[in-house]
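Descriptive analysis of the structure
These are the residues of each chain, in order.
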Amino acid sequence: MLNVRRSWSLLRRLGCRTEVQTSRTSSCSSGVFLSDAGLVLKSQSTDVFQNLALEDWIDANVDLQRRGVLLLWRNRPAVVIGRHQNPWSECDLPAMRRRGIPVARRRSGGGTVFHDLGNLNLTFFASKKDYDRRRNLKVVVEALRRVSPGLAVHATERFDILLNGHLKISGTASRLSRKSSYHHCTLLHSADRSALSAVLRPSCPGIHSNATPSVPSPVANLLDHAPTLQWEELLDGLVHQYNAEFGLSSASSLVDPTDESTFPGISRMEAELRSWDWTFGKTPKFSVQTGLELEDSSARCSAQLHMEVKSGRIQSCDLQVPAAWLPVRLSGELTDSLVGQRFCPQRAAAGVASLLRAQSGELQSRLHILCDAVISVMG
């Protein structure tokens, strides 16, 4: 009963703009508010999909015409791409699989970022009318100057925050709906920069796409330049400055984004964000044109691969392989077996398995080498 009461209390404080049923069959409506027009939430989760789902839930359910919300959250290692980006261009998917690092597509635009527990994420929710990225970044900059006066930080015209004039410590992205908005940014406190550089590089050669590319920048951690800056001190400074900037007196509340009694329907939102269809299937149409080097114990040759990929699936495939290496019939059967498959090494390998089993001897060996070369292109 205590957890139910806490959930109902938080729902009242959020001031939902739609009727949301709790386990007490109660609802919160846009007419239920505290006098304070702001709320600060700290997520207890470090799962990237749960935290992105929490953003979606707040944007969809809280009446932001009457209340601003600041959400503070961080994730275990993950790569987060923008809504209109190509994951094969932005990150090293094989390296990420080896490290157990997921890739997530958020609903806002912007570039690709690496998250870990040394990276703080801030999401500023407001009505569309009150959307103001400069003011939000002013909160971050002034908080940093307050907790560590020696830091030379400023916000740029691109809505990044730089340290010492050139080192990026914060990137930014946003999403505007019909009436609501949110603006989120990263803040590098003590992130693993070696992991960041290892995974933020292309996994697929020869991609041609209109997807939004990331703009690389030199980065730095706050802790490298302010060694005594503690995590809790940073959080407290940001909450204080948020309240000061917007004339609020909001205390922060811990929230669990897996709690359906507080956030009804959030598990469905999380499941969508985890799905292949969202993460990879929403990639803008792209093509792949690349050379393949083929070699066995008796011969070596070069081949050319051209694929068209739409909604994450291979729409067309053309392989130019010397007939002396492999009969044209077999390279044609290989391309036929790939069309319609996900642009994904596991699915592509499964799709060509029966073709490989039907061959033997040198033909099977060379076909296997060609299949491996094609599949490796998919990351």
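Residues numbered from 1 in each chain as written. Predicted model: local features only at pLDDT ≥ 70, side-chain atom pairs only at ≥ 80, totals over all residues. Heavy atoms only, no water.

Describing the overall build of the protein
Per the secondary structure count, the protein includes 13 helices and 18 strands. Taken over the C-alpha atoms alone, the protein extends approximately 80 × 50 × 35 Å along its principal axes. In the protein, which comprises 379 residues, the share counted as buried stands at 53%. Considering only contacts within the protein whose residues lie at least 6 apart along the sequence, 72% involve residues at least 24 apart. (Helix = DSSP H or I, 4+ residues; strand = E, 2+ residues; numbered from the N terminus. Buried < 20%, exposed > 50% of the residue type's maximum accessible area, 1.4 Å probe, protein only. Contact = heavy atoms within 4.5 Å.)

Focus on the packing of helix α2 (residues 48–61) against helix α9 (residues 266–274)
Running from amino to carboxyl end, α2 crosses α9 at an angle of 125 degrees, the nearest separation of the two axes being 8 Å. Classified by the angle between their axes, α2 and α9 sit oblique to one another. The chirality of how α2 crosses α9 is right-handed. Side by side, α2 and α9 meet where Phe-49, Gln-50, Leu-52, Ala-53, Leu-54, Asp-56, Trp-57, Ala-60 and Asn-61 of the first sit next to Ile-266, Met-269, Glu-270, Leu-273 and Arg-274 of the second. For the contact of α2 with α9, a count of residues per class yields nine nonpolar, two polar and three charged. (Axes fitted to C-alpha atoms, helices over the stretch in contact; angles between N-to-C directions. Parallel < 35°, antiparallel > 145°, perpendicular 65-115°, else oblique. Left-handed = near helix turned anticlockwise from the far one by under 90°. Nonpolar A, V, L, I, M, F, W, Y, C, P; charged D, E, K, R; others polar.)

A few points about the nonpolar core
One finds Leu-292, Met-307, Leu-338 and Phe-343 to be the most contacted residues of the largest nonpolar core, which totals 48 residues. Considering each element in turn, this core owes the most residues, six residues, to helix α13 (residues 361–376). Core analysis: the next-biggest nonpolar cluster, separate from the first, contains 33 residues, Leu-70, Val-139, Ala-220 and Leu-222 among them. (Core = buried A, V, L, I, M, F, W, Y, C linked by side-chain atoms within 4.5 Å.)

Describing the sheet that holds strand β10 (residues 161–163)
Read from one edge to the other, the open sheet built from three strands follows the order β9-β10-β11, with strand pairing classed as antiparallel. Of all strands in the sheet, those with a lone pairing partner are β9 (153–155) and β11 (167–170), marking the two edges. Going across the sheet, the axis of each strand differs from the next one's by a mean of 35 degrees, ignoring polarity. Here three bridges tie β9 to β10, and the two strands are oriented antiparallel to one another. In the strand pairing of β10, His-154 is matched with Leu-162. Relative to β9, helix α5 (residues 133–147) is tilted by about 175 degrees, and along the sheet it contacts β9, β10 and β11. (Pairing = 2+ DSSP bridges.)

Structural notes on the packing of aromatic side chains
By the definition in use, this model includes nine aromatic pairs. Aromatic pair Trp-88 and Phe-343: ring centres 5.1 Å apart, planes at 80 degrees, arrangement edge-to-face. One end of the pair, Trp-88, is in helix α3 (residues 87–90); the other, Phe-343, is in the loop between α11 (328–338) and α12 (345–357), with 255 residues separating them in the sequence. Grouped by ring-pair contacts, the aromatic residues Trp-88, Trp-276, Phe-280, Phe-286 and Phe-343 constitute a single cluster. The ring of Phe-159 carries Arg-133 above its face, with NZ or CZ at 3.9 Å from the centroid. (Phe/Tyr/Trp six-rings, centres within 6.5 Å; stacked < 30°, edge-to-face > 60°. Lys NZ or Arg CZ within 6 Å of the ring centre and 35° of its normal.)

A closer look at the confidence of the model for the protein
When pLDDT is averaged along the protein, the result is 91; 91% of the residues meet or exceed 70. Residue range residues 18–35 is modelled with pLDDT below 50. Its contacts to residues more than four positions away, or to other chains, number 41 contacts. (pLDDT = per-residue confidence, 0-100.)

Re the sheet that holds strand β5 (residues 78–81)
Backbone-to-backbone hydrogen bonds join strands into a sheet, with any given pair of strands oriented parallel or antiparallel. If you trace the three strands from one edge of the open sheet to the other, you get β6-β5-β7, paired in mixed fashion. The open sheet is flanked by β6 (103–105) and β7 (113–115), the only strands paired with a single partner. Here the average twist between neighbouring strands, direction ignored, is 30 degrees. Of the strand pairs in this sheet, β5 and β6 are connected by three bridges, and their pairing is parallel. Each residue of the ladder has a partner; that of Ile-81, found in β6, is Arg-105. Sheet strands touched by α2: β5 and β6. Its angle to β6, the strand with the most contacts, is close to 10 degrees.

Things to note about α12
Between its first and last C-alpha, α12 extends 18 Å over 13 residues, near the 18 Å set by a 1.5 Å rise per residue. Of all bends in α12, the biggest is about 35 degrees, found at Gly-351. Within α12 the residues assigned to the buried category are Pro-345, Ala-348, Gly-351, Val-352, Leu-355 and Leu-356. (Expected span 1.5 Å × (residues − 1). Bend = angle between axes of the 7 residues up to and from the residue.)

Overview of unusual backbone geometry
At Phe-159, a position not held by glycine, the phi torsion is positive, near 65 degrees. Inspection of the secondary structure puts Phe-159 in the loop between β9 and β10. In this structure, Ser-311 takes a positive phi of about 55 degrees despite not being glycine. Mapped onto the elements, Ser-311 comes out in the loop between β17 (300–310) and β18 (313–320). Given the relative accessible area of 42%, Ser-311 is considered partly exposed.

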